[in-house]
Amino acid sequence: MGLETLFIFLVLTSLVLLGSSLLHSSIRVVALQGAALSFLPFLVMESSWAGRAVFLAALTMGLKGIVFPILLNRSLREANLRREMEPLVGYSLSLALGIALLILAFWLAGRLHGIGVGISTLSLASAFFMMFIGLFLIIARRKALTQVLGFLVLENGIYAFGLTVVGHIHWLVELGVLLDVFVAVFIMGIAIDHISREFDHINVDQLDQLKG
Amino acid sequence: MLVVHYFWILLGLPVVAAGLCVLLRAPWAIFTALIGMAVAETAVGALLVQGVFLGAQESAAWGWFYLDALSAYHLAILLLIYLLSTVYAAGYFRHELAAGLLRPAQIRRFGILWCGALAAMALVIISNNIGAMWIGMEATTLMTAFLICVHRTAASLEAMWKYLLMCSVGVACAFMGTLLAVAAAHGLPLSGSDVLLWTQMRAAATQMNLPLLKLAFLFLLVGYGTKAGLAPMHNWLPDAHSQAPAPVSALFSGFMLNTAFYCILRYVAIIEVATGGSGWSLHLLQVFGLISIVVATAFILFQEDVKRLLAYHSVEHLGIISLGVGLGGIGVFAALFHVFNHSLCKTLAFFSAGRIGQIYGTHAMAHIRGTLKAHPVWGIGLFGSFLALIGVAPFALFMSELQIIFAAMDGRAYVALALFLAGTGAIFIGALKHAMAMAWGEPEHPTPAPAAGITDMILVAGSLSILLAVGLWMPEWYRSLLLRAAHIVEGKL
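Throughout, a residue's number is its position along its own chain's written sequence, starting from 1. Each chain takes a letter, starting from A, and each ligand takes a number, starting from 1, following the order in which they are written. Totals for whole chains, interfaces and linings use every residue, but because this is a predicted model, local features are given only for residues with pLDDT of at least 70 and side-chain atom pairs only at 80 or more, for both listing and counting. To get the side-chain values, take all heavy atoms of the structure and skip hydrogens and water.

A.B. asks: Looking at this structure, how should I read the interface of chain A and chain B?
C.D. replies: Accessible area lost when the parts come together is the quantity often used to give the size of an interface. Contacts: residue pairs with any heavy atoms within 4.5 Å of one another. Each side of the interface is counted separately: chain A has 46 residues, and chain B has 42 residues. Buried area adds together the accessible area that both of two parts lose upon being put together, with accessible area traced by a 1.4 Å probe. Taken together, the two surfaces of chain A and chain B that pack against each other cover about 3700 Å², and 78% of this comes from carbon and sulfur. Under the rule applied, a polar contact is a pair of N or O atoms within 3.5 Å (in protein, one hydrogen donor and one hydrogen acceptor; residues adjacent in sequence only if both atoms are side-chain atoms). One can count one residue pair in polar contact (both at pLDDT 80 or more) joining chain A with chain B. Put simply, DSSP marks the helices as runs of H or I at least four residues long and the strands as runs of E at least two long, and each gets a number from the N terminus on. Top element by residues in the side of chain A that touches chain B is helix α8 (residues 171-198) of chain A. It accounts for 16 residues. Among the residues forming the side of chain A that touches chain B, the class breakdown is 31 nonpolar, nine polar and six charged. Residue type decides the class: Asp, Glu, Lys and Arg count as charged, Ala, Val, Leu, Ile, Met, Phe, Trp, Tyr, Cys and Pro as nonpolar, and the leftover types, Gly among them, as polar.

The following block contains the structure:
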């Protein structure tokens with residue numbers, strides 16, 4: 001089944017992010033995940049809405065697969081960075097935690113399935129898993145750029161959830177979300193530029209003057 | 001003119017003004033445009049809310065815009081706070097420009113974003129569509145992020161990043177909640193776009209999938225609660241409020257937090273209808289309210305920076321509002337009353353702290369002494385607003401907090417009452433000590449403060465006298481407006 005293959009791919013790409021320290025390859029993995037996500041509208045929407053599915057897919061591919069990687073790579077070049085240094089949680093521990101989060105996601109999906117969301121446990125679990133991984137990257141990594149990647153993975157999870165659970169209801173919501181993520185990432189990019197001009201590196205742990 | 005036109009003008013005016021700011025160069029021209037826009041916006045808003053204040057409801061554009069007692073009340077507060085902050089900003093930034101702390105280009109950027117922030121917040125308040133409401137909330141975050149770092153320092157960039165990231169994640173969480181709420185309505189005979197309308201959702205609430213709706217509320221509470229500054233999701237708030245320029249802090253504290261809390265209130269209404277008034281969501285609000293009060297107390301007592309002190313007061317007061325709503329009954333009425341009182345009072349407090357910070361060149365309270373002597377107008381403003389904030393009678397905040405105490409006794413919520421009294425009592429003593437130390441004493445380096453302008457005096461005297469007047473006497477139409485709004489929150493209307 002196409003849908004299941006896609007969701008397994010989404011889970012695997014999220015896991016890869018946990019173990020990767022090179023920033024440009026992380027950007028590539030997130031781009032790949034976004035591109036994969038652009039096939040989702042075809043798989044979950046009824047055939048009578050082919051036009052809408054094509055439109056959403058093109059927009060997703062354009063933003064998540066092309067525009068975001070370009071924006072992020074630009075920030076990466078300007079900040080003159082190569083890799084994530086000394087993450088707060090080490091890579092092997094991150095992977096172990098990732099497995100734990102995967103189990104949690106499946107448990108949660110099972111519960112939710114029980115209370116009447118009429119879609120498969122696998123789709124729900126992988127959407128939750130992406131959200132967890134996104135949050136984890138935001139909390140456990142120091143580079144501002146990795147945190148933006150975490151935010152993107154979180155949004156990917158929500159997008160996948162939205163499309164599979166309520167995708168048939170209102171297309172304005174999906175459109176709103178895509179535009180919104182676009183603006184958010186754009187603004188975060190500008191913010192990173194400002195920060196890297198002010199500081200030598202975009203290490204978030206240097207952002208620790210404000211306390212109390 | 002039709003009502004729908006007013007709604008569009010309300011959203012369109014700030015956008016036009018933002019466009020104008022792009023074209024304008026001179027700071028005075030930008031501020032003229034901003035003040036003109038704020039006045040016009042307030043006038044349009046007044047036309048819109050006057051009917052609702054008297055008991056009507058407005059709905060337009062296929063039900064996408066909707067104004068009832070709850071939203072009209074919030075819209076009126078938004079416009080008042082925005083107008084005051086815009087007038088104040090003109091004076092505040094004039095001093096910054098004169099001191100060479102700011103370039104005209106930065107004023108321009110401020111002007112554009114300042115307009116955008118208004119459009120975004122107005123969209124949240126007037127939207128009946130929960131999707132549009134969410135988009136407005138996210139736009140608020142994006143518009144205001146760079147307002148924090150108008151002065152580009154390391155500390156303000158840090159605050160901006162923290163704000164941007166935490167609130168984006170929070171609002172993403174709220175989006176998840178919105179999706180779940182829509183999923184909970186799955187299978188009901190509602191057509192495509194109707195299902196997103198709050199009025200339709202409330203009407204169909206009893207038939208919705210309840211476990212799913214409750215799960216949605218958890219996401220929404222945590223998500224919008226992050227933006228509303230409820231503890232323990234408040235970490236961005238003290239940084240952002242202390243680093244932003246004073247007019248921005250005033251708007252943040254005075255209304256942006258309430259915008260997010262308003263979204264929570266909308267969902268409380270749906271949950272209350274769906275559960276048949278079981279108070280499930282109210283208990284959660286109580287818990288978050290009490291945590292906020294306790295956390296704020298700890299930080300207020302040992303605070304050294306005046307703007308951070310005020311920021312923690314916001315956590316405290318949003319906690320009080322949340323607790324009030326959570327107590328139900330008269331507590332909801334009192335909490336809504338407290339919304340206005342806190343907004344006006346905190347706005348004045350940030351105005352005063354901002355100007356006094358400029359005069360003393362620091363926000364460290366240890367170096368701010370003798371403000372009453374150094375600059376009587378803003379000195380009185382700061383001291384007066386502190387008195388009102390900590391709940392000195394007969395200011396309006398005392399009255400609303402007193403009613404929350406009654407609500408707690410009515411509901412036999414003695415644990416909540418004890419925590420509330422202990423928290424506000426400790427804050428009373430702690431903040432009074434800070435406020436008195438700043439008001440009296442001898443300035444370290446007596447500097448000739450600029451003479452107070454007429455607008456300064458009006459801002460201080462006007463705000464304080466409104467807070468006093470509302471505390472002493474509440475007009476009948478105001479009482480009935482608040483009662484109707486409270487009924488909406490409790491799902492009774």
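Next comes the rest of the account.
A.B. asks: Before we go on, may I ask you to explain the nonpolar core in this structure?
C.D. replies: Across soluble globular proteins, nonpolar side chains have a tendency to be buried as a group. Side-chain atoms within 4.5 Å link the members of a nonpolar core, which is a set of buried Ala, Val, Leu, Ile, Met, Phe, Trp, Tyr and Cys residues. Buried, partly exposed and exposed residues are distinguished by accessible area as a fraction of the type maximum, computed with a 1.4 Å probe on protein chains only: under 20%, between the cut-offs, and over 50%, respectively. One finds A:Phe161, B:Phe110, B:Trp161, B:Phe261 and B:Leu336 to be the most contacted residues of the largest nonpolar core, which totals 255 residues. In terms of residue count, helix α10 (residues 246-274) of chain B provides more of this core than any other element does, 21 residues in total. B:Phe261 has contacts with B:Ala228, B:Leu230, B:Leu285, B:Leu318, B:Ile321, B:Ser322 and B:Val325, leaving out every residue within four places of it along the chain. Counting residues in each nonpolar core, the second largest holds 14 residues, with B:Leu290, B:Leu327, B:Ile405 and B:Ala407 among its members.

A.B. asks: Would you take a moment to explain α10(B) for this structure?
C.D. replies: Owing to its 3.6 residues per turn, the α-helix aligns residues three or four sequence positions apart on the same side. Residue and element names in this part refer to chain B. Here α10 is 29 residues long and its end C-alpha atoms lie 42 Å apart, about the 42 Å a rise of 1.5 Å per residue gives. We define the bend at any residue as the angle between the axes fitted to the seven residues before and including it, ending there, and the seven starting there. Of all the bends found along α10, the most pronounced is centred on Phe 252 and spans about 40 degrees. Of all 29 residues in α10, 29 are buried, a share of seventy percent or more. Positive backbone phi, approximately 65 degrees, marks Gly 276, located one or two places after α10. For a helix, the expected span equals 1.5 Å multiplied by the residue count minus one.

A.B. asks: Sorry if this is basic, but what is going on with the packing of helix α3 (residues 69-98) of chain B against helix α19 (residues 476-489) of chain B here?
C.D. replies: Helix-helix packing is characterised by the crossing angle of the two axes and by the distance between the axes. Residues and elements named next belong to chain B. Convention adopted: a line fitted to C-alpha atoms gives each axis, helices being fitted over their contacting stretch, and angles between N-to-C directions are expressed from 0 to 180 degrees. Interhelical geometry of α3 versus α19 gives an angle of 120 degrees and a closest axis separation of 8 Å. Here α3 lies oblique to α19, going by the angle between them. The residues of α19 that touch α3, namely those facing Ala 69, Leu 70 and Tyr 73, are Tyr 478, Leu 481, Leu 482, Arg 484, Ala 485, Ile 488 and Val 489. A breakdown of the residues in the contact of α3 with α19 according to their chemical character gives nine nonpolar, no polar and one charged. Roughly parallel here means an angle under 35 degrees, roughly antiparallel means over 145, roughly perpendicular means 65 to 115, and every remaining angle is called oblique.

A.B. asks: Help me out: how do you make sense of the packing of aromatic side chains in this one?
C.D. replies: Two descriptors summarise a pair of aromatic rings, namely the distance from one centre to the other and the angle between the planes of the rings. All names here are of chain A. Note on aromatic contacts: the rings of Phe and Tyr and the six-membered ring of Trp form a pair at centre separations within 6.5 Å, being stacked when their planes are under 30 degrees apart, edge-to-face when over 60 apart, and tilted otherwise. Scanning all chains against the criterion turns up 25 aromatic pairs over all chains. On the basis of an interplanar angle of 20 degrees and a centroid distance of 6.4 Å, the ring pair of Phe 128 and Phe 132 is categorised as stacked. Here Phe 128 and its partner Phe 132 are both found in helix α6 (residues 121-140), four residues apart, which amounts to about one turn of the helix. Phe 132 shares its class with Phe 128; the two are buried.

A.B. asks: Where do I start with unusual backbone geometry in this structure?
C.D. replies: Leave glycine aside and you will find that most residues have negative phi; peptide bonds, for their part, are mostly trans. Residue and element names in this part refer to chain B. Residue Pro 232 follows Ala 231 across a cis peptide bond; omega there is 0 degrees. Here Pro 232 is to be found in the loop between α8 (210-228) and α9 (236-243). A cis amide bond, omega 0 degrees, links Ala 393 with the succeeding residue Pro 394. Position of Pro 394 relative to the elements: it lies in the loop between α15 (376-389) and α16 (396-410). Its identity is not glycine, yet Arg 412 carries a phi of approximately 55 degrees, on the positive side. Its location among the elements puts Arg 412 in the loop between α16 and α17 (414-439).

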